[in-house]
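# Inside the fold
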Amino acid sequence: MEPRPGRDYGTHSETVTVTTQEGASADLHLSYTVQTPNFRVTVSTEAIDFGAVEVGYAQPAPRSISFTNEDDYKISLSGTSELRVEWSKSGFVYSHGHMSARIAPHETVTYTVQPQTGLKPGIYIQHVRGNFTSAHIGGDTFQSFDIPVTFIVAAEGDLPSSWAAGQLSQAAAAGIVPESFESRYTQAATRAQFCALAVRLYEKVTGEAITQRATFSDTTDFNVQKMAGLGVVNGVGGGKFDPGGTLTREQAATILARLAEAMGHPLPQAAPAFSDS
């Protein structure tokens, strides 16, 4: 006695009546489980950051993205490189315009990406996105990937500090760096620019657009109006905001604390202790 072939994944049960030559009978209850294959693909990297360079740079070497099928079943890969929607610039060259492959058991496929030459100053971002499917589960997706690729091109003498470049790329890939922050990296931010950053962070984390507004007589900046509408920023008196004013450290700390509370993550009351304070 053996299970019927071709059954769907899951647990199946049947009752079989057994009769002896003497006419005695009894019911035999049978059950078996067809397990779903444990598909798994290893992706070689979670992100690719080509760092920061000045205009006139030598083209960086290509970087690889590899996919390894760790199981005993053939799988299908489908992926594309997607440009961040609000920008028209691309900036990257791929070994394949579209990632598509059938990956045999324990086989690895590799693609490369490389920044173009001659790019203008700016932060260049693309997301390599895709999924894996298998005919063994009806062509359904069992794993997806999203790999941000970043490259910063700065004007001559305008490179971000080495200690900040990596985090700047991560923040840009997450979609929280406004375009106004894509130059003059080491200079102080204005009050209005910091509001733009705060709006990006709030709407990205909460997934909700800010609908509240509060206005000032000296600016029509919608990011300022949004932050003021949430109660995160205040004016400087007389109905003014001073949007071009340099942001002080105490103002930045206050805005961040209010922003955290507005997002539902108020900061702890206890102050951190440092040995050299």
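Refer to the structure above for everything that follows.
Rules used throughout
- Residues numbered from 1 in each chain as written.
- Predicted model: local features only at pLDDT ≥ 70, side-chain atom pairs only at ≥ 80, totals over all residues.
- Heavy atoms only, no water.
- Helix = DSSP H or I, 4+ residues; strand = E, 2+ residues; numbered from the N terminus.
- Contact = heavy atoms within 4.5 Å.
- Areas by Shrake-Rupley, 256 points an atom, 1.4 Å probe, with all protein chains shown as cover.
- Salt bridge = Lys/Arg side-chain N within 4 Å of Asp/Glu carboxyl O.
- Axes fitted to C-alpha atoms, helices over the stretch in contact; angles between N-to-C directions.
- Parallel < 35°, antiparallel > 145°, perpendicular 65-115°, else oblique.
- Left-handed = near helix turned anticlockwise from the far one by under 90°.
- Nonpolar A, V, L, I, M, F, W, Y, C, P; charged D, E, K, R; others polar.
- Phe/Tyr/Trp six-rings, centres within 6.5 Å; stacked < 30°, edge-to-face > 60°.
- Buried < 20%, exposed > 50% of the residue type's maximum accessible area, 1.4 Å probe, protein only.
- Lys NZ or Arg CZ within 6 Å of the ring centre and 35° of its normal.

### Observations concerning the overall build of the protein
Looking only at helices and strands, one finds four helices and 11 strands in the protein. Long-range pairs, those at least 24 residues apart, make up 65% of the contacts in the protein between residues at least 6 apart in sequence. If you sum the accessible surface of the protein, you get close to 16400 Å²; carbon and sulfur atoms cover 49% of it.

### Some points on the pattern of salt bridges
Tallied over the entire structure, the rule returns two salt bridges. Between D146 and R129 there is a salt bridge; the shortest N-O distance is 3.0 Å. Separated by 17 residues along the polypeptide, D146 in strand β11 (residues 141–154) and R129 in strand β10 (residues 122–133) bring together distant segments of the chain. Across the salt bridge formed by E203 and K226, the nearest N and O atoms sit 3.0 Å from each other. Taken together, the residues span a long stretch of sequence, with E203 in helix α2 (residues 191–206) and K226 in helix α3 (residues 222–230) at a distance of 23 residues.

### Concerning the packing of α2 against α3
Contact pair α2 / α3: the axes reach a minimum separation of 8 Å and the direction vectors enclose 65°. In terms of axis orientation, α2 runs roughly perpendicular to α3. Of the two possible hands of crossing, α2 and α3 adopt the one that is left-handed. Across the interface between the two elements, A192, C195, A196, A198, V199, Y202 and E203 of α2 pack against N223, V224, K226, M227 and L230 of α3. By residue class, the composition of the contact of α2 with α3 is nine nonpolar, one polar and two charged.

### A word on the packing of aromatic side chains
A full pass over the atoms with the stated rule returns eight aromatic pairs. Between Y57 and F151, the aromatic rings sit 5.3 Å apart at their centres with planes inclined by 80°, giving edge-to-face as the arrangement. Remark: F151 occurs in strand β11 and Y57 occurs in the loop between β4 (48–54) and β5 (63–69); sequence separation between them is 94 residues. Judged by relative accessible area, which is 0%, F151 ranks as buried. Feature note: the residues F67, Y111, F132, F142 and F145 constitute an aromatic cluster, connected by ring pairs. Over the face of the ring belonging to F50 we find R63, whose NZ or CZ atom lies 5.5 Å from the ring centre. Between the NZ or CZ atom of R191 and the centre of the ring of F241, over which it lies, the distance is 4.2 Å.

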